[in-house]
Number of protein chains: 2
Amino acid sequence: MNGQRVAVVGATGAVGREILTVLEQRGFALGELRLFASPRSVGDAIVFKGERLRLRLVEPGCFRGVDFALFSAGAERSRAHAPQAVQEGAIVVDNSSAFRMDPAVPLVVPEVNPAALDAHQGLIANPNCSTIQLVLAMRPVRDLYGLRRIVVATYQSVSGAGRRSIQELDAASRAHLGGATEPREVYPRGIAFDVVPHIDVFDAQGWTREETKMRHETRKILGEPDLSVVATCVRVPVFRCHSEAVHVETRQPVDLAQLAQAMRQQPGLCLLDGADYPLAREWAHSDEVAVGRVRLDPEDARAIAMWVVADNLRKGAALNAVQIAEHLCHVRVRGGA
Amino acid sequence: MNGQRVAVVGATGAVGREILTVLEQRGFALGELRLFASPRSVGDAIVFKGERLRLRLVEPGCFRGVDFALFSAGAERSRAHAPQAVQEGAIVVDNSSAFRMDPAVPLVVPEVNPAALDAHQGLIANPNCSTIQLVLAMRPVRDLYGLRRIVVATYQSVSGAGRRSIQELDAASRAHLGGATEPREVYPRGIAFDVVPHIDVFDAQGWTREETKMRHETRKILGEPDLSVVATCVRVPVFRCHSEAVHVETRQPVDLAQLAQAMRQQPGLCLLDGADYPLAREWAHSDEVAVGRVRLDPEDARAIAMWVVADNLRKGAALNAVQIAEHLCHVRVRGGA
């Protein structure tokens, strides 16, 4: 396999930087790396494996010769430039919400629905961070017992909202502890020492777009178009990693020992024993989704609860995108292309 | 009505101090106030309405002549001294978990099940903070549509664990931001910038005692002995007020407009309009339980989600205890005693 020519669009963002870290740490076979950023960063450079790479602006022809273009610059820029990248011959893995619910676009977590990649037409969508960790934990449950309803309450770190959000939690926490005025640009009602049940905009029925994303994306990835997925998405004063309190109603009674065995065999998942639980700060920079506190609903043999933690920048975004590219490389090699 | 003679046991704790604040702010008709504390505080004084009150040790006879003894010094001390207080003629309102599930002891939220007070035998239990705000929000739902299952994920502030816990969040946050070693006495795995799904001890099935309390107490207060109540209780880096993401399955289909009207009429409850939501920091020191984001489960007309916030030291503890005493005073006055 020759080195892959990879473009990263949005290279200076929280996810873009994590993509570079993941490419390096995994020894991804790179032939070339082109980094794209917004006009205000153009001309700056990022050091990758000791080499200074200049940040470029997306322009006509800039994706020619690129094998994989990993987009992480927001839905608007994906809509503007992803089709161009596909047209210029790249396979796009898009981390934004722009194309996720397009029936022609596979929405993929490689350890959950890799077969969906077979039908791609040059563009693959990377799911929402909260969804990725949920579907990975749900896959063994679905396979063994079927799913009726998922009720999930999230505890989402500020890094999901980007670098400005990380800076604001830091600055606002310092200000609060020091009795000074807190910066409130990203979070108008504050994020320091508070929890905020409001991520993205509200619809007319009172759901946030983040909650609706979790519902639609979970159904699409798990291949369960009618599954009930009820989310309350909450931003918490944590820098990195999302946690989720999940309650699942199943179709068949659950055997906890059998489920634990299946979870241990599920690639990408790390099951903690008994009452043990993962914590966001301890799990940061880990590749796997961690599950703990799996327990039976005392009143219903067809319902379980669990606690699910993952690094939202890593498995929730950068790593999953790189894994999609890796998967397609292996398919090509196996196919002799 | 003559002034009531009130004893506060555990007067120096987070809840004890809040009881004094509530007694003063509500203009509770006090004839006498006796403050009890642990041996290490005895001899110190607390200023109440400009008067220095000496902290005393619980001793035989110390509750003679007391109308109400408000206990908030932990389950062990309640077990040791509450029966004594009753025997010496006081009505005990106990904020600990010691007697809550005793069938002979009423467990009361005055706006939800005041009739349970009629049968008291000198001892009344104040429910767990997380339970109080949940049952207040659930009462209108139960009355209109019946309850099948409550799934709740909590976001509980550190003040629920007392003054040392508040100090540790402050000190650990400062240390983390300053790159220093965090104190980890109350929270061995840390509380600064993390969320911890572990409040009180685990049982053999993997539930924490806090979660089991919510289940049993909710059933007892709502008079629904078979109700399914599945909680995940999580400590979050918030100083004051507990938040809860609640999903309720009802027996009958829910009419949101009708439910909103009933919630507005529910004493002790404050319903926020539409997609608005209460935040812990904004709601601190409020008397009411605030509910926002009430919305229908898109797949099930017999299920709703909502966000519930209350001040855990106030309505979740001190205020509810004082309200129980007030309620019993009014009953006496009405009864001519």
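Predicted, not measured: the structure shown is a model, and the values here were computed from it.

What counts as what
- Residues numbered from 1 in each chain as written.
- Chains lettered and ligands numbered in written order.
- Predicted model: local features only at pLDDT ≥ 70, side-chain atom pairs only at ≥ 80, totals over all residues.
- Heavy atoms only, no water.
- Helix = DSSP H or I, 4+ residues; strand = E, 2+ residues; numbered from the N terminus.
- Buried < 20%, exposed > 50% of the residue type's maximum accessible area, 1.4 Å probe, protein only.
- Contact = heavy atoms within 4.5 Å.
- Least-squares fit on C-alpha atoms with pLDDT ≥ 70 in both.
- Salt bridge = Lys/Arg side-chain N within 4 Å of Asp/Glu carboxyl O.

K.L.:
So what exactly am I meant to see when it comes to the side chain of Ser157(B) here?
P.N.:
All names here are of chain B. Of note, Ser157 is situated in the loop between strand S8 (147-155) and helix H4 (163-178). By relative accessible area, which is 0% here, Ser157 ends up buried. If sequence neighbours within four positions are ignored, Ser157 has contacts with Arg235, Val236, Val238, Phe239, Arg240, Cys241, His242 and Asn312.

K.L.:
When you look at the pairing of strand S9 (residues 228-232) of chain B in this model, what are you seeing that I'm missing?
P.N.:
Every regular strand shows the same layout, with side chains that alternate between the two sheet faces. The element S9(B) is largely enclosed, with a buried count of five among its five residues. Burial along S9(B) is two-sided: the residues Ser228(B), Val230(B) and Thr232(B) and Val229(B) and Ala231(B) are all buried.

K.L.:
Whenever I open this one, the relation of the copies chain B and chain A confuses me. Can you help?
P.N.:
In this arrangement, two copies of a chain are superimposed by a rotation about an axis accompanied by a shift along the axis. For the pair chain B and chain A, the relating rotation is 180°, the translation along its axis is 0.0 Å, and the fit reaches an RMSD of 0.0 Å. What the superposition gives is, in effect, a two-fold axis relating one chain to the other. Of the C-alpha atoms belonging to chain B, the one lying closest to the rotation axis is found on Ala153(B), 3.1 Å away. Interface overlap between copies: 98% of the residues of chain B at the interface are likewise at the interface in chain A, consistent with a symmetric, same-surface contact.

K.L.:
I keep staring at the pattern of salt bridges and nothing clicks. Help me out?
P.N.:
Side-chain pairs of opposite charge can arise where the charged atoms are in close proximity. Using the criterion set out here, one finds 64 salt bridges over all chains in the structure. Across the pair Arg149(A) and Glu249(B) runs a salt bridge, and its minimum N-O distance is 3.3 Å. Of the two residues, Arg149(A) sits in strand S8 (residues 147-155) while Glu249(B) sits in strand S10 (residues 242-250), which places them in two different chains. Taking the relative accessible area as the measure of exposure, Glu249(B) reaches 3% and is therefore buried. Measuring nitrogen to oxygen at the nearest pair gives 2.9 Å for the salt bridge that ties Arg215(A) to Glu299(B). One end of the pair, Arg215(A), is in helix H5 (residues 209-222); the other, Glu299(B), is in the loop between strand S12 (289-296) and strand S13 (303-310), on a second chain. Judged by relative accessible area, Glu299(B) falls into the partly exposed class, the value being 34%. Bridged by salt links that share partners, the residues Arg148(A), Arg149(A), Glu249(A), Asp297(A), Asp300(A), Arg148(B), Arg149(B), Glu249(B), Asp297(B) and Asp300(B) form one connected network.

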